[in-house]
Number of protein chains: 2
Amino acid sequence: MADTYDPSAFPPFAVTADLVILTVQPPTVRALLVRRAADPFAGSWALPGGFVGPDQSLADAAHETLARKTGVSVDATHLEQLASFGRPDRDPRMRIVSVAWLALLAEPVEPVAGDDTDEAQWVDVAALDSDLAFDHAEILAAGIERARNRIEYTTLATRFCGDEFTMAELRAVYETLWSTELDPANFHRKVLAIDGFVEPTGESTSGGRGRPARLYRRGDAVDLDPPVRR
Amino acid sequence: MADTYDPSAFPPFAVTADLVILTVQPPTVRALLVRRAADPFAGSWALPGGFVGPDQSLADAAHETLARKTGVSVDATHLEQLASFGRPDRDPRMRIVSVAWLALLAEPVEPVAGDDTDEAQWVDVAALDSDLAFDHAEILAAGIERARNRIEYTTLATRFCGDEFTMAELRAVYETLWSTELDPANFHRKVLAIDGFVEPTGESTSGGRGRPARLYRRGDAVDLDPPVRR
DNA sequence: TGCTTTATTGTCGTCATGACTAGTTATTGC
DNA sequence: GCAATAACTAGTCATGACGACAATAAAGCA
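Residues numbered from 1 in each chain as written. Chains lettered and ligands numbered in written order. Predicted model: local features only at pLDDT ≥ 70, side-chain atom pairs only at ≥ 80, totals over all residues. Heavy atoms only, no water.

Chemist: Please clarify how the overall build of chain A should be interpreted in this entry.
Modeler: Helix and strand counts for chain A come out as 4 helices and 9 strands. Starting at the N terminus and ending at the C terminus, chain A contains elements arranged as β-β-β-β-α-β-β-β-α-α-α-β-β. Principal axes of the C-alpha set define a box for chain A whose edges measure 65 × 40 × 30 Å. Among the 230 residues that make up chain A, the fraction classed as buried is 52%. (Helix = DSSP H or I, 4+ residues; strand = E, 2+ residues; numbered from the N terminus. Buried < 20%, exposed > 50% of the residue type's maximum accessible area, 1.4 Å probe, protein only.)

Chemist: For this particular structure, what's the right way to read the relation of the copies chain B and chain A?
Modeler: The operation linking the two copies of the chain is a rotation about an axis combined with a translation along the axis. Mapping chain B onto chain A leaves a residual RMSD of 0.1 Å; the transformation is a rotation of 180° accompanied by 0.0 Å of translation along its axis. Both copies of the chain, as the preceding transformation shows, are related through a two-fold rotation axis. A symmetric contact is evident, with 98% of the interface residues of chain B recurring at the interface of chain A. (Least-squares fit on C-alpha atoms with pLDDT ≥ 70 in both. Contact = heavy atoms within 4.5 Å.)

Chemist: Mind showing me how you'd approach the protein's contact with DNA strand D here?
Modeler: Close to DNA strand D lie 20 residues; A:Asn186, A:Arg189, A:Lys190, B:Ala168 and B:Arg211 are nearest. The sugar and phosphate moieties of DNA strand D supply 57% of its atoms located within 4 Å of the protein. A distance of 2.9 Å separates a base nitrogen of DNA strand D from a polar atom in the side chain of A:Arg189. Between DNA strand D and the protein, one listed contact pairs a sugar or linking oxygen with a side-chain N or O atom of A:Arg211 at 3.4 Å. Sorting the residues of the surface near DNA strand D by element identifies helix H4 (184–193) of chain A together with helix H3 (167–178) and helix H4 (184–193) of chain B as the ones contributing at least two each. For the surface near DNA strand D, the leading source of residues is H4(A), giving 4 residues. When the residues that make up the surface near DNA strand D are grouped by side-chain class, the tally is 5 nonpolar, 5 polar and 10 charged. (Near = heavy atom within 4 Å. Polar contact = N/O pair within 3.5 Å; in protein donor to acceptor, adjacent residues only side chain to side chain. Nonpolar A, V, L, I, M, F, W, Y, C, P; charged D, E, K, R; others polar.)

Chemist: Mind showing me how you'd approach the packing of helix H3 (residues 167–178) of chain A against H4(A) here?
Modeler: A packed helix pair is summarised by two numbers, namely the angle formed by the two axes and the spacing between the axes. All names here are of chain A. Running from N to C, H3 and H4 cross one another at 100°; their axes reach a closest spacing of 10 Å. Taken together, the axis directions place H3 and H4 in an arrangement best described as roughly perpendicular. Side by side, H3 and H4 meet where Met167, Leu170, Arg171 and Tyr174 of the first sit next to Pro184, Phe187, His188, Val191 and Leu192 of the second. Of the residues belonging to the contact of H3 with H4, the class tally is 7 nonpolar, 1 polar and 1 charged. (Axes fitted to C-alpha atoms, helices over the stretch in contact; angles between N-to-C directions. Parallel < 35°, antiparallel > 145°, perpendicular 65-115°, else oblique.)

Following this line, the structure appears as structure tokens:
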């Protein structure tokens, strides 16, 4: 890293944490977006985000934004760093580098509108006409792609389900994110064969239409071995 | 993203691009490191890096650092963004956010020492006593872990080989990064079964000890289907 | 009582994989 | 030249994972 550098010679950078907060509500994938109240991009949808404070870590800034928008605490969700975006002209006001994060939520909790935005809403990403503010369409696409890949090799698909879920619910997460249909019987067999993916609660659903489904909860495993191929 | 923000109220952020540049020289994995000439961390190994210029994209800053240190042009290597690191105290001088990149090189080209460093050298990462400057040990570990995972699902292992390579060379890349031994016959069969992974040149090696090996070059595929499991 | 719906279990052929054996083709050292 | 050796490549075989699909289980509903 260069030592011969005078920061005051440069226009300063600002750093933001912007969040791709996803939930799967079959047959839709939804992202939590805010509608911008002020220029630039007034009226456009944008990712929720906030500036990183002078003494704040990048992760803390992401946690804070998540809590501010959803009221959800960190340990109830999965939050991972996605990538950073820093084209010089991505924000017309000043030079801003965005560190993007991906959060996976089980249920679309009631979003909280902030001071700077007049609306926060879960939006079906398929029905989005992609004119998001700044380069947020690119960031959102990266987040969805990351989620699509993660569920193949990790147990993160369970993060889109509640604490207890049926095989059909878990399968619907895969089918929705991948836009495919999976054979219920083979999926069932495969998931149970992966050690630590899910564990039965002993309970079953009731009141539904067909045969009651057994309930499962998340297992201890983080990675799927073998992976669930697409 | 908050509009109610006065950047001048904050100490400014600086943004750097720091590179994990890896090469595989069986049985070692080597990283290109620089020895810092000045404080802080004078005398310590550090990742090569540089500040992102006011009108420079993050990727351009990474490309520039790579070219400055190795003289290697971008299209001869693989360069991908790794992650960003921004603990408030990671640099004692000022608030610096590092966007880390991962570069994969086939051969350890002669490194070029910069103005601010008195030495640039390929270092065996296994023999590194981990007292790198700043949080660079953490970044380096993330880069190695990324490379270890990438070769499982993508064709990037060929990036550690030259333009033409033998099956044994490709296998050695996997064995070195994964610290395992792979059965030569099964590896051979598996690699050839993956469409677009490698394609034969028709040539063979000569001058080596045993039977000459056929030469291959990179195929068109990016992802491995099926993956090469560890 | 059936009929429908959904969940779960079972079967079977095919293909991928790992362990292992055997054969091929060069160089190296008598 | 002629083994001996090294290294690559082909073949075999048992095991296991997977996809397609049939069959059974357990509810609700007419």
